[in-house]
Amino acid sequence: MQKVSVIGAGTMGNGIAHVFAQNGFHVNLIDVAAPALEKALATIGKNLDRQVAKETITEADKTATLGRITTYTDMASGVKDAELVVEAATENIDLKLNIFKQLDQHAAPGAILATNTSSISITKIAAVTKRPTQVIGMHFMNPVPVMKLVEIINGYATDKEVTKKIEALSVQLGKVPCVVNDYPGFIANRILMPMINEAIYSLFEGVAGVNEIDTVMKLGMAHPMGPLQLADFIGLDVCLSILHVLHQGFGNPKYAPCPLLVNMVTAGYLGAKSGEGFYKYTPGSKELVVSSIFAK
């Protein structure tokens, strides 16, 4: 496998393109918006610069990596020669189903179609194609160039040989693959999102403040980041979307999103990407937490 297409040039898409290109694959990065593609290449360049500064790669490695990425605004042209297509569009079921219908028409008959979805049913996505045996979940973690895990999700009809290929490919990328089955939230978000939701409920009910909740989880449970800061980093809208998938998929009230989370998303407080969530952020930065917006 040498040619990979990535659909979506956002945070996850550009990270996935970066990792494939750095490991010798020719990558077609596809997005309907040309400015998004320009921004993605700039982001990949900055991330490669960090690697050069840390001496984990050379300047020649950076140049070679960028040289393996070609951008497209037309899906049909961008996927026609790909052996693997990884969809990394917004976590929206209607959008993903539409993309996979198009991929089924334009991708080579033998191509594997993967989705980076964090919660949406692989079986449902595969069902809109005529190749459900070749559809699989390939859920990378953010930030993709740094995080080792790839959660591989089998749809109901996914062929075992396809799973083996994606496992081997993940190892080739320097990642650690974990294979799971297709149920709401898979493993990562089925466990993570209820924890984040419970942290939000603890704030909502006045049990403790933002800093206290995050400090308890960091110092008491050895988490590198508290659940509320992590929610900001993921995006509160994304957290809400995943909780809706869990709630609807299982029909269990324990997955119902906290009213505070619903109100914050409705008001546009989406976390680091909007500048405010449970904390305030320096514009354009996800790393520097200025202060909690809930601090008195």
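Residues numbered from 1 in each chain as written. Predicted model: local features only at pLDDT ≥ 70, side-chain atom pairs only at ≥ 80, totals over all residues. Heavy atoms only, no water.

As annotated in an unreviewed UniProt entry, the protein chain is 3-hydroxybutyryl-CoA dehydrogenase from Chitinophaga skermanii. The heading Sequence similarities (unreviewed entry) in the UniProt record of the protein chain holds the text "Belongs to the 3-hydroxyacyl-CoA dehydrogenase family." (UniProt positions renumbered as here; feature names shortened; annotations may be inferred.)

Novice: So what exactly am I meant to see when it comes to helix α7 (residues 160-172) here?
Specialist: Between its first and last C-alpha atoms α7 spans 18 Å; for 13 residues at 1.5 Å apiece the expected length is 18 Å, and the two agree. Looking at α7, one finds that the buried residues are V162, T163, I166, L169 and S170. Viewed end-on, α7 has its buried residues packed into an arc of 125°, placing them on one side of the element. α7 presents K160, K165 and V171 as exposed residues on the side facing more than 90 degrees away from its buried surface. Against the buried residues of α7 lie α1 (11-22), β4 (84-87), β5 (112-115), β6 (135-140), β7 (149-154) and β8 (176-181). Of the residues that open α7, the one with a side-chain oxygen 2.7 Å from the backbone nitrogen of E161 is D159. (Helix = DSSP H or I, 4+ residues; strand = E, 2+ residues; numbered from the N terminus. Expected span 1.5 Å × (residues − 1). Buried < 20%, exposed > 50% of the residue type's maximum accessible area, 1.4 Å probe, protein only. Arc of directions from axis to C-beta. Contact = heavy atoms within 4.5 Å. Polar contact = N/O pair within 3.5 Å; in protein donor to acceptor, adjacent residues only side chain to side chain.)

Novice: Hey, could you run me through the sheet that holds β8 in this one?
Specialist: Strand order in this open sheet of eight strands is β3-β2-β1-β4-β5-β6-β7-β8, and the pairing throughout is mixed. Two strands close off the open sheet at either side, each with one partner strand: β3 (69-72) and β8. The average angle at which neighbouring strand axes cross in this sheet is 25°, direction not considered. In terms of strand pairing, β4 meets β5 through four bridges, oriented parallel. Looking at the pairing, L84 lines up with I112 of β5. (Pairing = 2+ DSSP bridges. Axes fitted to C-alpha atoms, helices over the stretch in contact; angles between N-to-C directions.)

Novice: Is there a simple way to think about the packing of helix α2 (residues 34-53) against helix α3 (residues 59-67) in this case?
Specialist: Where α2 contacts α3, the two axes come as close as 9 Å, and the packing angle between them is 160°. The orientation of α2 with respect to α3, classified from their angle, is roughly antiparallel. By crossing handedness, the relation of α2 to α3 is classed as right-handed. In this structure, α2 uses L41, I44, G45, L48, D49 and V52 to contact α3, whose residues at the interface are E59, K62, T65 and L66. Grouping the constituent residues of the contact of α2 with α3 by class yields five nonpolar, two polar and three charged. (Parallel < 35°, antiparallel > 145°, perpendicular 65-115°, else oblique. Left-handed = near helix turned anticlockwise from the far one by under 90°. Nonpolar A, V, L, I, M, F, W, Y, C, P; charged D, E, K, R; others polar.)

Novice: Explain the environment of T43 to me, please; I cannot follow it from the model alone.
Specialist: Here T43 is to be found in helix α2. Using a relative accessible area of 25% as the deciding quantity, one classes T43 as partly exposed. Sequence spacing of T43 and Y156 is 113 residues, and the spatial spacing of their C-alpha atoms is 36 Å.

Novice: How should I be thinking about the pairing of strand β1 (residues 3-7) in this particular structure?
Specialist: The side chains of a regular strand alternate, first on one face of the sheet and then on the other. Among the five residues that make up β1, four are buried, leaving the element largely enclosed by the rest of the structure. As judged from the five bridges shared by β1 and strand β2 (residues 26-30), these two strands associate in the parallel manner. Bridge pairing in β2 links S5 to N28.

Novice: In this structure, what is going on with the domain arrangement of the protein chain? I would like to understand it.
Specialist: By a widespread convention, an interface's size corresponds to the accessible area lost as its parts come together. Split by domain assignment, the protein chain resolves into domain 1 (3-181) and domain 2 (187-294). Taking only C-alpha atoms, the centre of domain 1 and the centre of domain 2 are 26 Å apart. Taken together, the ten residues of domain 1 in the interface contact eight residues of domain 2. Between domain 1 and domain 2 lies a buried interface of about 670 Å² when both sides are counted; carbon and sulfur atoms form 54% of it. Applying the counting rule to domain 1 against domain 2 returns zero salt bridges. Taken together, domain 1 and domain 2 are joined by three residue pairs in polar contact (both at pLDDT 80 or more). (Domains from an automatic or database assignment. Buried area = accessible area lost by both parts, 1.4 Å probe. Salt bridge = Lys/Arg side-chain N within 4 Å of Asp/Glu carboxyl O.)

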